Amino acid sequence: MKLVRKRLLDWYRANKRAMPWRETRDPYAIWISEAMLQQTRVETVIPYWQRFLSRFPDVHALATADLDDVLGAWAGLGYYSRARNLQAAARLIDERHGGRIPDDIDTLQTLPGIGRYTAGALASIAFDRPEPVLDGNVKRVLARLLGIREDIGQPEVVERLWKEAGALAHGPDPGDLNQALMELGATICTPRSPRCDDCPVSRGCDARAVGDAESLPLKARKKPARRVEAVAALVIRRGKALAVRRPSGGLLGGLWDLPGGPLATGEAPRAGLRRALLECAGLEISRASAVGSIEHVFTHRRLTLHLYRASTSTDRIRLDGFAGHKWVAPRAIYELPHASLTAKALERLVPSGSRPSN
Ligand code: SF4
């Protein structure tokens, strides 16, 4: 164990990729990077992280910001619940901990959006606590290194991996050690064609000795994504388009969207559009022209969204399932915080001459 730690640390210090959050010990800056890096690639995160920190430089600035500004700074990163959770957690840190991020994993995990992984990452990287992290990269490295040939989705196997990661993190420089494991998984011990010849721990690696590295870790086959269909429309009244706001909470909570909704099984899109607009906004439309459809993949769903341009003379909006609405110039919808799916729909629905140039 001692030797594995030493080899990992030596290798990491000599080979780590440059990332701006690796140049700071500011727990807030590290926390923001960890939140952004969940589900998003390093190269994408770097400019977002820099802009976010210059806009909200500390816990208090984030805690007291307008939610729309926070969502706006997040626009394009996806998984907006991360941004809402960051702000909710910042408010709690401001109120309960005087703006100082807690340094123990139990308190950290009482905060919205901070689970076992993020708590371990923050405690070890920002506060030098000997706490483990376990993400996809670390799971793969440990399963291969230790020759764990069981389904890593099983709770007892996950627990074993946490224990093994904990044993490794228990020693000097736990933050570097955890980052070394993640870095090794990202650059050398990759899912396909691991570069065992360049690996600092190849001598003690079970999978390398057995020759089955590429088949590890074992994972039970995932269920295929469920197919769903929905409709959405750019509804125009007197030159203005209707934007609706999703209620807070949920996958896309707090973001602005186009009105519409899911289709019932076997329902034709055009009929579904009339029904959905009536149900979600009390809108009767006079005309609707189809603009094609777009595909979008969520974690467990594959969505086909049928798009329409429609017009209405309805004055009164009666919302159901949305938290607010606005009539705005079609191009102004771009300025409201919205999800990447809505951006894709707007690309098709708003004529390019009417889009803001950015
Ligand atoms: S020797 Fe190969 S399989 Fe083992 S940890 Fe290193 S890269 Fe991964």
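Everything numeric in this text was worked out from a predicted model, so none of it was measured. (Residues numbered from 1 in each chain as written. Predicted model: local features only at pLDDT ≥ 70, side-chain atom pairs only at ≥ 80, totals over all residues. Heavy atoms only, no water.)

## Considerations on the site of the ligand
So, point 1. The ligand sits among Arg144, Ile188, Cys189, Cys196, Cys199, Ser202, Cys205, Arg208 and Ala213.
So, point 2. Judged by the fraction of its atoms near the pocket grid, the ligand is located in the largest cavity.
So, point 3. For the shell around the ligand, the residue count by class is six nonpolar, one polar and two charged. (Near = heavy atom within 4 Å. 1 Å grid on protein atoms, 1.4 Å probe; cavity = no way out; pocket = protein on both sides within 12 Å on 5 of 7 lines; lining within 4 Å. Sits in = over half its atoms within 2 Å of the grid points. Nonpolar A, V, L, I, M, F, W, Y, C, P; charged D, E, K, R; others polar.)

## Here's the deal with the domain arrangement of the protein
So, point 1. Each assigned domain of the protein is listed here: domain 1 (2–215) and domain 2 (226–354).
So, point 2. Here the C-alpha centre of domain 2 lies 36 Å away from the C-alpha centre of domain 1.
So, point 3. Counting residues at the interface gives seven residues for domain 1 and 14 residues for domain 2.
So, point 4. Between domain 1 and domain 2, a total of about 740 Å² is buried, with carbon and sulfur atoms accounting for 52% of that surface.
So, point 5. Per-residue buried area on domain 1 facing domain 2 is highest for Asp68, Tyr80 and Arg84; these three make up 62% of the total on that side.
So, point 6. Along the contact surface separating domain 1 from domain 2 lie one salt bridge. (Domains from an automatic or database assignment. Contact = heavy atoms within 4.5 Å. Buried area = accessible area lost by both parts, 1.4 Å probe. Salt bridge = Lys/Arg side-chain N within 4 Å of Asp/Glu carboxyl O.)

## Notes on the side chain of arginine 245
So, point 1. Within the secondary structure, arginine 245 is located in strand E2 (residues 240–245).
So, point 2. A distance of 2.5 Å separates the side chain of arginine 245 from the side chain of aspartate 68, its partner in a polar contact.
So, point 3. Those residues in contact with arginine 245, other than ones at most four positions away along the chain, are Asp68, Leu71, Gly254, Leu255, Trp256, Phe322, Ala323 and Gly324. (Helix = DSSP H or I, 4+ residues; strand = E, 2+ residues; numbered from the N terminus. Polar contact = N/O pair within 3.5 Å; in protein donor to acceptor, adjacent residues only side chain to side chain.)

## Some points on the nonpolar core
So, point 1. Among the nonpolar cores identified, the biggest contains 78 residues, and Tyr28, Trp31, Ile32 and Phe52 are the most heavily contacted of them.
So, point 2. Split by domain, this core shows at least three residues from each of two domains, domain 1 (2–215) and domain 2 (226–354).
So, point 3. With sequence-adjacent residues up to four places away left out, phenylalanine 52 is seen in contact with Tyr28, Ile32, Met36, Leu62, Val70, Ala73, Trp74 and Leu86. (Core = buried A, V, L, I, M, F, W, Y, C linked by side-chain atoms within 4.5 Å. Buried < 20%, exposed > 50% of the residue type's maximum accessible area, 1.4 Å probe, protein only.)

## Some points on the confidence of the model for the protein
So, point 1. Confidence along the protein averages 93 in pLDDT terms, with 98% of residues attaining 70 or more.
So, point 2. Across the protein, element-level confidence peaks in helix H4 (residues 59–63) with a mean pLDDT of 98 and bottoms out in helix H14 (residues 340–349) with 91. (pLDDT = per-residue confidence, 0-100.)

## Some thoughts on the packing of helix H3 (residues 42–55) against helix H5 (residues 67–74)
So, point 1. Packing of H3 against H5 brings their axes to within 9 Å, and their N-to-C directions diverge by 155°. Taken together, the axis directions place H3 and H5 in an arrangement best described as roughly antiparallel. Crossing handedness for the pair H3 and H5: right-handed. From H3, Tyr48, Phe52 and Arg55 reach across to H5, where they touch Asp69, Val70, Ala73 and Trp74.
So, point 2. Taken together, the residues of the contact of H3 with H5 sort by class into five nonpolar, no polar and two charged. (Axes fitted to C-alpha atoms, helices over the stretch in contact; angles between N-to-C directions. Parallel < 35°, antiparallel > 145°, perpendicular 65-115°, else oblique. Left-handed = near helix turned anticlockwise from the far one by under 90°.)

## Let's talk about the pattern of salt bridges
So, point 1. Applying the stated criterion across every chain, the model contains 20 salt bridges.
So, point 2. Among the salt bridges present, the one from arginine 22 reaches glutamate 183, with a minimum N-O distance of 2.9 Å. Of this pair, arginine 22 sits in the loop between helix H1 (2–15) and helix H2 (27–37) while glutamate 183 sits in helix H11 (residues 174–187), placing them 161 residues apart in sequence. Glutamate 183 carries the same exposure label as arginine 22, and that label is buried.
So, point 3. A salt bridge links aspartate 198 to arginine 195, with the shortest nitrogen-to-oxygen separation between them at 3.1 Å.
So, point 4. With relative accessibility at 43%, the residue aspartate 198 sits in the partly exposed group.
So, point 5. Within the structure, one salt-bridge network assembled from shared partners comprises Arg13, Asp173 and Asp176.

## Focus on empty space enclosed by the protein
So, point 1. One pass over the full model with this rule turns up one cavity of 30 Å³ or more.
So, point 2. Lining the largest cavity are 15 residues, with Arg144, Cys189, Cys196, Cys199 and Cys205 positioned closest to its centre.
So, point 3. Top element by residues in the lining of the largest cavity is helix H9 (residues 136–146). It accounts for three residues.
So, point 4. Per-class residue counts for the lining of the largest cavity are 11 nonpolar, one polar and three charged. (Points joined across faces, edges and corners; volume = space filled by probe spheres on them.)

## Re the packing of aromatic side chains
The description of two aromatic rings rests on the distance between their centres and on the angle between their planes.
So, point 1. Going through the model one piece at a time under the given rule, you end up with four aromatic pairs.
So, point 2. On the numbers, 6.2 Å between centres and 70° between planes, the contact of tyrosine 28 with tryptophan 31 is edge-to-face. Of this pair, tyrosine 28 and tryptophan 31 both sit in helix H2, three residues apart, which is roughly one turn of that helix. The exposure classification of tyrosine 28 matches that of tryptophan 31, with both residues buried.
So, point 3. Feature note: the residues Phe52, Phe56 and Trp74 constitute an aromatic cluster, connected by ring pairs.
So, point 4. The ring of tyrosine 48 carries arginine 51 above its face, with NZ or CZ at 4.9 Å from the centroid.
So, point 5. Stacked on the ring of phenylalanine 298, the Lys or Arg arginine 301 has its end atom at 4.8 Å from the ring centre. (Phe/Tyr/Trp six-rings, centres within 6.5 Å; stacked < 30°, edge-to-face > 60°. Lys NZ or Arg CZ within 6 Å of the ring centre and 35° of its normal.)

## Quick look at helix H6 (residues 81–96)
So, point 1. Its 16 residues give H6 an end-to-end C-alpha distance of 22 Å, which sits within 8% of 22 Å, the value for a rise of 1.5 Å per residue.
So, point 2. Listing the buried residues of H6 in full gives Arg82, Ala83, Arg84, Leu86, Gln87, Ala89, Ala90, Leu92 and Ile93.
So, point 3. Structurally, H6 contributes buried residues whose contacts are with H2, H3, H4 and H5.
So, point 4. Phi turns positive one or two residues past the end of H6, at glycine 98, with a value near 60°. (Expected span 1.5 Å × (residues − 1).)

## As for the pairing of strand E1 (residues 226–237)
One face of the sheet, then the other: side chains in a regular strand alternate in exactly this way.
So, point 1. Pairing geometry for E1 and strand E6 (residues 301–312), over 11 bridges, is parallel. Bridge pairing in E6 places valine 231 opposite histidine 306.
So, point 2. Looking at chain direction, E1 and strand E4 (residues 260–262) are connected through three bridges and run antiparallel. Bridge assignment links valine 231 to a residue of E4, and that residue is glycine 261.
So, point 3. Inspection of the sheet shows E1 paired to E2 by two bridges, in the antiparallel sense. Note on E2: the bridge partner recorded for arginine 237 is lysine 240.
So, point 4. As consecutive antiparallel partners, E1 and E2 are separated by two residues, and within that stretch arginine 238 has a phi angle of approximately 45°, a positive value. (Pairing = 2+ DSSP bridges.)

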